[in-house]
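The residues making up each chain are set out below.
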Amino acid sequence: MKVWTIIKKEYKQIVKKKSFIISTILTPVMMAGFIFLPMLLTKVGREEKTIIIEDYSGIVLKPFEEKNKASKEVKMVLKLKFERTFAAIENKEKQNKLIKEYEQKRAAKQDAQFQLIPEYRKKILDKTIDGLILIPEDVKETRQVYFCALNISDFGTNKYISSTIQKILSEKILTDQNIDLKVVEEAIRDVRLGTFKVKKEGTTRASSGMEYMMSIFMLTILFTIIMAYGQLIMRGVIEEKNNRIVEVLISSTRAQTLFYGKIIGIGLAGLTQVGIWILLAVAFMRRASLGIDTRILNFLTPELAIYFIIFFIIGYFMFSIMFSIVGASVNTDQEAQQFAAPITYLMLIPFIIGIMVTQNPNTLVVIIASLFPLFTPTLMFMRVSVAVPAFSQIALSIVLSILFTMFLAWLGAKIFRVGILMYGKRPTVNEIIKWIRYK
Amino acid sequence: MISDYVLELNGLVKDFNGKRAVDDFSLKSKRGEILGLLGPNGAGKTTTIRMIMNIIAPDSGTIKILGENFSEKLKERIGYLPEERGLYRKMKVFETLHFFGELKGMKSDEIKAKGQEYLKKFDLENYSDKKVEELSKGMAQKLQFITTIIHSPDLLILDEPFAGLDPMNIELVKDIILEKRREGITVIFSTHLMAYAEKIVDNVVMINQGKKVIDGNLFDVKSEFGTKFVNVNYEGDSTFVASLDYVENVRDYGNEMEIELKDINRKDVLLKDLVSKVSVNSFQVTEPSLNNIFIRKVNEGEAK
């Protein structure tokens, strides 16, 4: 079997490469880093932030400081430092007026810009302080506070500020009614939401943030290896074409044999790599003593590993066929990159839809998109990783994408056969269509 | 019926973008024969060879190899050396032989035996564990030549086999070609280096601008042109020779001249004239060289 000769050659050529050995070792190291890094980060803590509270109501500042000292959360995650302001009285009044103007305009549905007095602006821009909390006089009624800072995308800080003020106000209202502070504190204590995922094997602790991160992470790995191996095939084909080895190969065997031999050979190399990683992961994860978050362990199930392999194989074949068509149709790496770019975009679209998948993996749009063969390897894998889609849908997507891949292979072999022996100028799309029609 | 001919081309035509690269080209080659496909660069030699190898399809005409139409089975009986050389740079020398041998349907132990034999013959036995990229250009060429012949093909098609080889390796390749002929193998090779071809071919096919201009046995082709040629090795200024009235044509290489006379009987007059003006080291009546024949043919073609 000549195809076996080609498979062996392609497989050996990849597996013996230094880059193959390096990436086989390095990826698990990075993966371990990804798993341990969040744990490490929470221990190291975050940078300290200096925040000024400008309290015009006179009821928030003091309790806030006390709560901040007592809060475990702040010490663990946020490390905020609060300062009393020493701004002159007239400054305070000016700022208070600015806020009132802003609120009036907003109430009248006029365009309004929130304005800070220059002194505060300067402090924030100079980074002498990290942020400024403005608490209006009537905060008890309006429940509106303002947080001005360079960085407002730190959800932890934002949430901490709003929930702390919320508590302070609740306490204030209730203690004003002569209710004992202890009772009040007990009454407004936080409710914790534990998220648990229901699966056939049982119900396990999980968190949506973690699931999202893990599934995007797995998707990235899937995407990266499919792309890497696809590009490998493409470059191999271009090399053979450029140094005319292909003429010798074609004079020894069929173009189809070469085409399938290549794809299978390199695919097996990819599978070897993925297999090694999965084995390493299994060996590693089973060591509970390492203290890996159980939510990660619960996420990485054997079932998921199997789906990973299935979707890797399908995705690999689908995209490597496209990449080898590109390789056979062009003459240089530069030309190849132009043709390869749209293929990369095809693979990136699922990342965008991916956000929708994690929020609601079973909406119609997501279901249809995940059944679309080009998106199946990535999107269906993502759905499998965050929710449990109906098995019929998984099976359908696998069947559809395999059929599509077979069609692609049939088409690809035809283009490959003609393209690989064409030198000179880059073919037009019309010419490629003509190649498909050749008998 | 088994054909007498190992290779039979009939009326091959190939156009590239409206330009005719090969025009009504036919040839026949018997078993155990060396056929030189000669012509200048761009004459259509490589296009013809590619059509024989089924790499490109002719627009019209037929090709029969060993009496059959081209098929997958035939591929194992042909050895083909393309014009542009290339091997897998990261592959080891012996792995390369193994890969191409296996592709030609050879068994592993067969490859081992033959491979070692040829590596030795080509002075590469110490390199069998080296990567191709570590070889010199000449060594890589030799290796590729081995991959072409390792499976003992019945028909060898070599596109410019001497290109890029040093004189010693040219000798080596020439010896192998002659050895293959003794084994009854048909060798077809293209070259634009007429001098090398002249020494080994049985039959000559000359091609110019896609058209066949000469086809026949080397001896016949040469005698058709008669012995009107004189080869002179000399020192001095020889520019006067071209203007002598009994001289048809001169090719002057500086130390050596090929002079075509209108009548060979004037050779003594020529020698006298030469001696009076330059110092003559040697003076020999010869057959026309393929080079001369070719130039004559091309000029005739253009005159028409």
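Since this is a predicted model, take the numbers as computed values, not measurements.

This part takes up the packing of helix H14 (residues 302-329) of chain A against helix H15 (residues 333-359) of chain A. Residues and elements named next belong to chain A. Relative orientation of the contacting elements H14 and H15 amounts to 165°, with a least axis distance of 9 Å. With respect to H15, the axis of H14 lies roughly antiparallel. Crossing angle aside, the handedness with which H14 passes H15 is right-handed. Only Ala336, Phe339, Ala340, Ile343 and Met347 of H15 make contact with H14, whose side of the interface consists of Phe319, Met322, Phe323, Val326, Gly327 and Ser329. Split into classes, the residues belonging to the contact of H14 with H15 amount to nine nonpolar, two polar and no charged.

Residues and elements named next belong to chain B. Of the two faces of strand S5 (residues 78-81), both are covered, the one formed by Ile78 and Tyr80 as well as the one formed by Gly79 and Leu81. Bridge count for S5 against strand S6 (residues 155-159) is four bridges, and the pairing is parallel. Within S6, the position partnered with Leu81 by the bridge is Leu158.

This part takes up the interface of chain B and chain A. Across the boundary between the two partners, chain B contributes 18 residues, which contact 15 residues of chain A. If you list the elements that add at least two residues to the side of chain B that touches chain A, you get helix H2 (72-75), S5 and helix H3 (93-103) of chain B. Counting residues per element, the side of chain B that touches chain A draws most heavily on H3 of chain B, at four residues. Counted by class, the side of chain B that touches chain A contains eleven nonpolar, one polar and six charged residues.

Once that is clear, we can look at the confidence of the model for chain B. Residue and element names in this part refer to chain B. Residue-level pLDDT values for chain B average 87, and 98% of them are 70 or greater. Per-element mean pLDDT across chain B ranges from 76 in helix H10 (residues 290-303) up to 93 in H3. As scored by the predictor, the complex reaches a pTM of 0.73 and an ipTM of 0.79.

Attention now goes to the sheet that holds strand S11 (residues 247-252) of chain B. Residues and elements named next belong to chain B. Judged by pairing direction, the sheet is antiparallel, and its four strands sit side by side in the order S11-S12-S10-S13 without closing on themselves. At either margin of the open sheet sits one strand with a lone partner, and together these are S11 and strand S13 (279-286). For this sheet, the mean angle separating the axes of adjacent strands, direction not counted, is 20°. As judged from the five bridges shared by strand S10 (residues 229-235) and strand S12 (residues 256-261), these two strands associate in the antiparallel manner. By the bridge assignment, Asn233 is partnered in S12 with Glu256.

Quick notes on the rules
- Residues numbered from 1 in each chain as written.
- Chains lettered and ligands numbered in written order.
- Predicted model: local features only at pLDDT ≥ 70, side-chain atom pairs only at ≥ 80, totals over all residues.
- Axes fitted to C-alpha atoms, helices over the stretch in contact; angles between N-to-C directions.
- Helix = DSSP H or I, 4+ residues; strand = E, 2+ residues; numbered from the N terminus.
- Parallel < 35°, antiparallel > 145°, perpendicular 65-115°, else oblique.
- Left-handed = near helix turned anticlockwise from the far one by under 90°.
- Contact = placed C-beta atoms within 7 Å.
- Nonpolar A, V, L, I, M, F, W, Y, C, P; charged D, E, K, R; others polar.
- Buried ≥ 20, exposed ≤ 12 C-beta atoms within 10 Å, placed from the backbone.
- Pairing = 2+ DSSP bridges.
- pLDDT = per-residue confidence, 0-100.

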